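# Coordinate analysis (summary)
One-letter residues, chain by chain:
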Amino acid sequence: MLFVNATQVVTCAGPPRARVGAEMQDCGVLTKAAVAVNGERIESVGSRAALERAHEDATIIDCGGGVLTPGLVDSHTHAIFGRARYEEQERRAAGADYMEIARQGGGIHASVRDLRARDADELLALARPRLERLASYGTTTVEVKSGYGLSVEDELKILRVIRRLTEELTMRIVPTWLGAHEIPKEARATAATRASYVKMLREEMLPLVTNEHLAIFADVFCEPGVFTIEETRELLTAARVAGLKLKLHADELAPSGGAELAAELLATSADHLAAISAGGIRALASSGTVATLLPGTMLFLGKGTRPPARALLDAGAAVALATDFNPGTSPTPNLPFILTLGVSELHMSVAETVLAATVNGAAALGLANETGQLAPGFSADLALFEIEDIRELPYWYADRRCKRTWVRGKACHSSDLPIT
Ligand SMILES: [Zn+2]
């Protein structure tokens, strides 16, 4: 296949690792360029005239004057859930805080109760159109976490649903085990019941997850009132020994040392970070851990705080952007909108946001040598947007400009087709 007639080809080409510092200012914008794809891989990127001569018998994909980019990478979602929790938005607007909503039966525990009552087929039928909706905004790789089961049976049910989606959908899906999303209601009574839940995660659930190869990553919600630094260290150390890569929900609401722990454990990413400390920023900047920022969550919750993207970038940390797609705090499938927040609220340049949702998103999933750039040898994961300049991607905010995507050289989303 030869992709021609794009006003811009945005390659994001460069070293196959997270970009930092000055590297974030250049996302590789080419004009009069074409992309040659052979099977599942990108063969070459270069001048249209030269590539047309070299590939006379190629199937031509006419980009219609749009902008061609690497398929976007959404490296943090909780896409497997039952019903949406729309009623909480209005309660928050009326002044209810998280604890009050939880007391009224809302919050994560509401999603847990709801998910446990559904079977796998039902969860699959709910998740499938949601992931297709994410794809319709240009996302070709998505991380999906478990975490609304909080029991052996229900967490395995979710991870097996994710596996079926991986087999059924064209988009690339990376599964994460988040059995430590919250302490379930039935284990909250005493310190002993709480400790026995952590022990069960480590000794019972983790081996079942790894025996069935149901997850690439383990993640823990490390936050005061949820899992402590010590519990997080214990769980993630066991997960690493069992062969999983590591992620942390860290420093979302209070600076508790989550970012420092992520660096210490050589975690692939530390996510949220809206309340990261100066020491946490230094720790991430001097580590290989990607700082994954989720500004949509703070916006949707109506909070004034934003993750300190500028401080992280200026300190030399690797920054990724993701949706945090979930039913409670960030129900958006629209990754380009998160780029808008990156520019308008986090003071990032357009190139920084584009690299944060491609190369660095891929790095946050351990896939920096596989996807996230249009360069020879990389997976043929592409997105075509109905714009003429990459700066329009965050500009037309909350709009859907994605026309088509391809994953491993195969057509994935097309705006000519119905979404669900
Ligand atoms: Zn999350």
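Look above for the structure.
Here is a short report on the structure shown in this document. (Residues numbered from 1 in each chain as written. Predicted model: local features only at pLDDT ≥ 70, side-chain atom pairs only at ≥ 80, totals over all residues. Heavy atoms only, no water.)

## Comments concerning the overall build of the protein chain
Of regular secondary structure, the protein chain possesses 16 helices and 18 strands. For the protein chain, the spread of C-alpha atoms along the three principal axes comes to 70 × 45 × 45 Å. Of all 420 residues assigned to the protein chain, the portion counted as buried reaches 59%. In the protein chain, 72% of the contacts between residues at least 6 apart in sequence involve partners at least 24 apart. As displayed, the protein chain has an accessible area near 15,900 Å², and 53% of this comes from carbon and sulfur atoms. If you average the places of the 43 positive and of the 52 negative side-chain charges in the protein chain, the two averages end up 1 Å apart. (Helix = DSSP H or I, 4+ residues; strand = E, 2+ residues; numbered from the N terminus. Buried < 20%, exposed > 50% of the residue type's maximum accessible area, 1.4 Å probe, protein only. Contact = heavy atoms within 4.5 Å. Areas by Shrake-Rupley, 256 points an atom, 1.4 Å probe, with all protein chains shown as cover. Lys, Arg positive; Asp, Glu negative; His and termini not counted. Charge placed at Lys NZ, Arg CZ, Asp CG, Glu CD.)

## Some thoughts on the packing of helix 7 (residues 191-211) against helix 8 (residues 229-241)
Packed helices, taken two at a time, are described by their axes: the angle between them and the distance between them. The interhelical angle for the contact between helix 7 and helix 8, taken along N-to-C directions, is 10°, at an axis separation of 10 Å. Classified by the angle their axes make, helix 7 and helix 8 are roughly parallel. For the pair helix 7 and helix 8, contact is made by Arg-194, Val-198, Leu-201, Arg-202 and Leu-206 and by Glu-231, Glu-234, Leu-235, Ala-238 and Ala-239, respectively. Considered class by class, the residues forming the contact of helix 7 with helix 8 number six nonpolar, no polar and four charged. (Axes fitted to C-alpha atoms, helices over the stretch in contact; angles between N-to-C directions. Parallel < 35°, antiparallel > 145°, perpendicular 65-115°, else oblique. Nonpolar A, V, L, I, M, F, W, Y, C, P; charged D, E, K, R; others polar.)

## Things to note about the state of the cysteines
A covalent bond between the sulfur atoms of two cysteines is referred to as a disulfide. As enumerated under the stated definition, the model contains zero disulfides in all. Cysteine Cys-402 is unpaired, with the sulfur of Cys-412 as its nearest cysteine sulfur at 8.9 Å. Here Cys-402 falls in the buried class, since its relative accessible area comes to 3%. Given a relative accessible area of 24%, Cys-412 falls into the partly exposed group. (Disulfide = S-S within 2.5 Å.)

## Some thoughts on the packing of aromatic side chains
Taken as a whole, this structure holds four aromatic pairs when the rule is applied. On the basis of an interplanar angle of 90° and a centroid distance of 4.8 Å, the ring pair of Phe-3 and Trp-406 is categorised as edge-to-face. Placement of Phe-3 in strand 1 (residues 2-4) and of Trp-406 in strand 17 (residues 402-407) is noted, with a sequence separation of 403 residues between them. Note on accessibility: Phe-3 and Trp-406 belong to one class, buried. (Phe/Tyr/Trp six-rings, centres within 6.5 Å; stacked < 30°, edge-to-face > 60°.)

## Digging into the sheet that holds strand 2 (residues 8-10)
One open sheet accounts for six strands, arranged 3-2-7-16-17-18; its pairing is mixed. The strands lining the two open edges of the sheet, one partner per strand, are strand 3 (29-30) and strand 18 (410-414). (Pairing = 2+ DSSP bridges.)

## A short note on the nonpolar core
Core analysis: the biggest nonpolar cluster contains 98 residues, and Trp-177 and Phe-227 have the highest contact counts within it. Grouped together as the second largest cluster of nonpolar side chains are 15 residues, Val-37, Cys-63, Leu-68 and Trp-406 included. (Core = buried A, V, L, I, M, F, W, Y, C linked by side-chain atoms within 4.5 Å.)

## Quick look at the sheet that holds strand 6 (residues 60-62)
Reading across from one edge, 5-4-1-6 is the order of the four strands in this open sheet, with mixed pairing throughout. Each of the sheet's edge strands pairs with one partner strand only, and the pair in question is strand 5 (41-47) and strand 6. Sheet twist, expressed as the average angle between the axes of neighbouring strands with direction ignored, equals 20°. In terms of strand pairing, strand 1 meets strand 6 through three bridges, oriented parallel. In the strand pairing of strand 6, Val-4 is matched with Asp-62.

## A closer look at the environment of Ala-49
With respect to the helices and strands, the residue Ala-49 is situated in helix 1 (residues 48-54). In sequence terms Ala-49 and Leu-68 are 19 residues apart; their C-alpha atoms lie 17 Å from each other.

## A closer look at the coordination of the zinc ion
Distances from the zinc ion to its protein donors, His-76 (NE2), His-78 (NE2), His-249 (NE2) and Asp-324 (OD), fall at 2.0 to 2.8 Å. Mapping the donors of the zinc ion onto the primary sequence gives the spacing H-x1-H-x170-H-x74-D. With His-76 in the loop between strand 8 (72-74) and helix 2 (87-93) and His-249 in strand 12 (residues 245-250), the pair connects residues that are 173 residues apart, well separated along the chain. (Donors = N, O, S within 2.8 Å, 3.2 Å for Na, K, Ca; no water.)

## Focus on the pairing of strand 10 (residues 172-180)
Among the nine residues that make up strand 10, nine are buried, leaving the element largely enclosed by the rest of the structure. Direction of pairing for strand 9 (residues 139-145) relative to strand 10: parallel, over a ladder of five bridges. Pairing of Val-142 across the sheet is with Ile-173, part of strand 10. With respect to chirality, the unit in which strand 10 leads through helix 7 into the neighbouring parallel strand 11 (residues 217-222) is right-handed. (Right-handed = clockwise from strand over helix to strand, strands pointing away.)

## Description of helix 5 (residues 120-135)
Between its first and last C-alpha atoms helix 5 spans 22 Å; for 16 residues at 1.5 Å apiece the expected length is 22 Å, and the two agree. Those residues of helix 5 that sit buried are Leu-123, Leu-124, Ala-127, Arg-130, Leu-131, Leu-134 and Ala-135. Structurally, the start of helix 5 carries an N-cap: the backbone nitrogen of Asp-121 is 3.3 Å from a side-chain oxygen of Asp-119. (Expected span 1.5 Å × (residues − 1). Polar contact = N/O pair within 3.5 Å; in protein donor to acceptor, adjacent residues only side chain to side chain.)

## Describing the environment of Ala-274
Turning to its location among the elements, Ala-274 is positioned in the loop between strand 13 (269-272) and helix 10 (278-285). The class for Ala-274 is buried, based on a relative accessible area of 15%. Each C-alpha atom of the pair Ala-274 and Asn-211 lies 35 Å from the other, and the pair is 63 residues apart in sequence. Apart from the residues within four sequence positions on either side, Ala-274 is in contact with Asp-251, Glu-252, Met-298, Arg-306, Pro-307 and Pro-308.

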